[in-house]
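Geometric and topological summary
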Amino acid sequence: QVQLVESGGGLVQAGGSLRLSCAASGRTFSRSPMGWFRQAPGKEREFVASITWGGSTTVYEDSVKGRFTIPRDNAKNTVTLQMNSLEPEDTAVYYCARFTGGSSMRVGANYDLWGQGTQVTVSS
């Protein structure tokens, strides 16, 4: 059974950086596109970034373009969310998830496996 475990969240000042890691167990990780989502208090979950299984294609939500990247290491079964130039608006619980198929990797319903989430808090 594949499980996803996020780590790396914390408190950082605006303008700082954090690196989130998502570790997957199981042999299916390397064949799965992966995504990161976030949910701020009182708001709906929103797409942040995604990456294809081979790593050749990445997609970012507009507000994080140029600030976040989503590399993956299939040999280590990890996908990372490198977050730079953080803003208070980035404060949320961040989740990694496994994409199972569908017309869009921006839609949470197209993911079947989720991590427990890691809190990111950006102070102004």
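For the structure itself, look to the data block above.
Summary of the structure given here. Because the structure is a prediction, the values reported are computed rather than measured.

Some remarks on the overall build of the protein chain
Per the secondary structure count, the protein chain includes zero helices and 12 strands. Tracing the protein chain from N to C terminus, the helices and strands come up as β-β-β-β-β-β-β-β-β-β-β-β. Oriented by its inertia axes, the alpha-carbon framework of the protein chain measures out at about 40 × 30 × 25 Å. Across the 124 residues of the protein chain, 46% fall into the buried class. Per element, the accessible surface of the protein chain, about 6,300 Å² overall, is 48% carbon and sulfur. The positive charge centre, built from 12 side chains, and the negative charge centre, built from 10, are 9 Å apart in the protein chain.

Considerations on the pattern of salt bridges
A full pass over the atoms with the stated rule returns six salt bridges. A salt bridge links Arg-38 to Glu-46; the nearest nitrogen and oxygen atoms lie 2.5 Å apart. Residue classification places Glu-46 among the partly exposed residues on the basis of a relative accessible area of 32%. With its nearest N and O atoms 2.8 Å apart, the salt bridge here joins Arg-67 to Asp-90. With Arg-67 in the loop between strand 6 (58-60) and strand 7 (68-69) and Asp-90 in the loop between strand 9 (78-83) and strand 10 (92-99), the pair connects residues that are 23 residues apart, well separated along the chain. Assessed through its relative accessible area of 1%, Asp-90 is described here as buried.

Cut-offs and rules
- Residues numbered from 1 in each chain as written.
- Predicted model: local features only at pLDDT ≥ 70, side-chain atom pairs only at ≥ 80, totals over all residues.
- Heavy atoms only, no water.
- Helix = DSSP H or I, 4+ residues; strand = E, 2+ residues; numbered from the N terminus.
- Buried < 20%, exposed > 50% of the residue type's maximum accessible area, 1.4 Å probe, protein only.
- Areas by Shrake-Rupley, 256 points an atom, 1.4 Å probe, with all protein chains shown as cover.
- Lys, Arg positive; Asp, Glu negative; His and termini not counted.
- Charge placed at Lys NZ, Arg CZ, Asp CG, Glu CD.
- Salt bridge = Lys/Arg side-chain N within 4 Å of Asp/Glu carboxyl O.

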